Amino acid sequence: MGTRDAQCPQRGTQMGLDSMSPEPCLFPALQLLLWHSALWTVQEATPLGPASSLPQSFLLKCLEQVRKIQTDGAVLQERLCATYSLCHPEELVLLGHSLGIPKAPLSSCPSQALQLTGCLSQLHSGLFLYQGLLQALAGISPELAPTLDTLQLDVADFATTIWQQMEDLGLAPAMRPTQGTTPTFISAFQRRAGGVLVTSHLQSFLELAYRVLRYLAQP
């Protein structure tokens, strides 16, 4: 027992406990196994960050495009508020439901559970959705038409940037998505109220996209 005790001290002595009951010589191996298991769990749970396969030039371009669209959207919101007193999207929620104005999800993009393929796909799909919604607002008013056109073009450019990167990474589907059914606005008021809701949804979508892109662009 002397040789065994020298190679494998009792757990009570090793841990500074009062209990001195003999145990098999498994503690060092078990400790190593648990350490490797914990390290693997941390690696699995670590969000996809700077080590991702997204080039820095792409991420910086996306951040610039997001800021441009946010500015365009804010201008449209301000003009709808100043000209038509449509200032509070929360007051138009019921109308939005009746018109069938959807929101685009980004559930694959939060840093706690970031999935590169799913995030890029949702980002492109969301931009494509908002591009269609903005197109449906055509005729909102002569005064707002240039602002709306600029916003729509910037959203389309951002969607193209995402799609090209997906193609570069081999993540793009074989066929480009097609525009689904968009709401039909039958009056000027519905188009203007729809403009408030669509830009509000778009801004919320872009806020999350910006946080994710900024996280990935960290050195």
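Being a predicted model, the structure only gives us computed values, none of them experimental.

Engineer: I tried to follow the confidence of the model for the protein chain on my own but got confused; where do I start?
Structural biologist: In the predicted model, the protein chain carries a mean pLDDT of 80, and 74% of its residues have values of at least 70. Segment residues 2-51 is flagged for pLDDT under 50; beyond a separation of four residues in sequence, or across chains, it makes 28 contacts in the model.

Engineer: What's the story with the side chain of Thr-161 in this structure? I'm lost.
Structural biologist: Tracing the sequence through the fold places Thr-161 in helix 7 (residues 145-168). When its relative accessible area of 6% is taken as the criterion, Thr-161 is described as buried. For Thr-161, the side chain forms a polar contact with the side chain of Gln-65, separated by 3.0 Å. Excluding anything up to four places from it in sequence, Thr-161 contacts Phe-58, Lys-61, Cys-62 and Gln-65.

Engineer: For this particular structure, what's the right way to read the state of the cysteines?
Structural biologist: Here a disulfide denotes one covalent bond, and it connects the sulfur atoms of two cysteines. Summed over the entire model, instances satisfying the criterion amount to 2 disulfides. Residue pairing for Cys-81: its cysteine sulfur links by disulfide to Cys-87, the two sulfurs lying 2.0 Å apart. Here Cys-81 and Cys-87 share a disulfide; its torsion about the S-S bond, 90°, makes the bridge right-handed. Take Cys-81: its relative accessible area is 28%, and that puts it in the partly exposed class. Owing to a relative accessible area of 31%, Cys-87 belongs among the partly exposed residues under this scheme. Each sulfur in the disulfide pair Cys-109 and Cys-119 lies 2.0 Å from the other. Looking down the S-S bond of the Cys-109 and Cys-119 bridge, the torsion is 110°, so its handedness is right-handed. Separated by 10 residues along the polypeptide, Cys-109 in the loop between helix 5 (93-99) and helix 6 (116-136) and Cys-119 in helix 6 bring together distant segments of the chain. Of the two residues examined, Cys-109 and Cys-119, each falls in the buried class. Each bonded cysteine in the protein chain gets a number by its place in the sequence, and the pairs come out as 1-2, 3-4.

Engineer: Hey, could you run me through the nonpolar core in this one?
Structural biologist: Burial of nonpolar side chains together is a common tendency in soluble globular proteins. Leu-123, Leu-127, Phe-158, Ile-162, Phe-205 and Leu-206 are the most contacted members of the largest nonpolar core, which totals 50 residues. A total of 12 residues in this core trace back to one element, the largest contributor, which is helix 8 (residues 188-216). The contacts of Phe-205, once residues within four sequence positions are left out, are Ala-104, Pro-105, Leu-106, Gln-122, Leu-123, Gly-126, Leu-127 and Tyr-130.

Engineer: Explanation requested: the packing of helix 6 against helix 7 in the structure shown.
Structural biologist: Axes are the key here: two packed helices are described by the angle between their axes and the distance separating the axes. Interhelical geometry of helix 6 versus helix 7 gives an angle of 155° and a closest axis separation of 9 Å. If you check the angle between helix 6 and helix 7, you find them roughly antiparallel. Note on packing geometry: the crossing formed by helix 6 with helix 7 is left-handed. Residues Leu-120, Ser-121, Leu-123, His-124, Leu-127, Gln-131, Leu-134 and Gln-135 of helix 6 lie in contact with helix 7, whose contacting residues are Leu-148, Leu-151, Gln-152, Val-155, Ala-156, Phe-158, Ala-159, Ile-162, Trp-163 and Met-166.

Engineer: Explanation requested: the side chain of Asp-72 in the structure shown.
Structural biologist: Checked against the element boundaries, Asp-72 lands in helix 4 (residues 56-84). Not counting residues within four places of it along the chain, the set of residues in contact with Asp-72 comprises Thr-147, Thr-150, Leu-151 and Asp-154.

Engineer: Explain the pattern of salt bridges here, please?
Structural biologist: Opposite charge on two side chains lets them pair, provided their charged atoms get close. Taken as a whole and assessed by the stated rule, the structure comprises 2 salt bridges. With its nearest N and O atoms 2.6 Å apart, the salt bridge here joins Asp-154 to Lys-68. Of this pair, Asp-154 sits in helix 7 while Lys-68 sits in helix 4; the two residues are 86 residues apart in sequence, bridging distant segments of the chain. Overall, Asp-154 belongs to the buried group, its relative accessible area being 15%. Each of Lys-68, Asp-72 and Asp-154 takes part in a single network of salt bridges with overlapping partners.

Calculation rules
- Residues numbered from 1 in each chain as written.
- Predicted model: local features only at pLDDT ≥ 70, side-chain atom pairs only at ≥ 80, totals over all residues.
- Heavy atoms only, no water.
- pLDDT = per-residue confidence, 0-100.
- Contact = heavy atoms within 4.5 Å.
- Helix = DSSP H or I, 4+ residues; strand = E, 2+ residues; numbered from the N terminus.
- Buried < 20%, exposed > 50% of the residue type's maximum accessible area, 1.4 Å probe, protein only.
- Polar contact = N/O pair within 3.5 Å; in protein donor to acceptor, adjacent residues only side chain to side chain.
- Disulfide = S-S within 2.5 Å.
- Core = buried A, V, L, I, M, F, W, Y, C linked by side-chain atoms within 4.5 Å.
- Axes fitted to C-alpha atoms, helices over the stretch in contact; angles between N-to-C directions.
- Parallel < 35°, antiparallel > 145°, perpendicular 65-115°, else oblique.
- Left-handed = near helix turned anticlockwise from the far one by under 90°.
- Salt bridge = Lys/Arg side-chain N within 4 Å of Asp/Glu carboxyl O.

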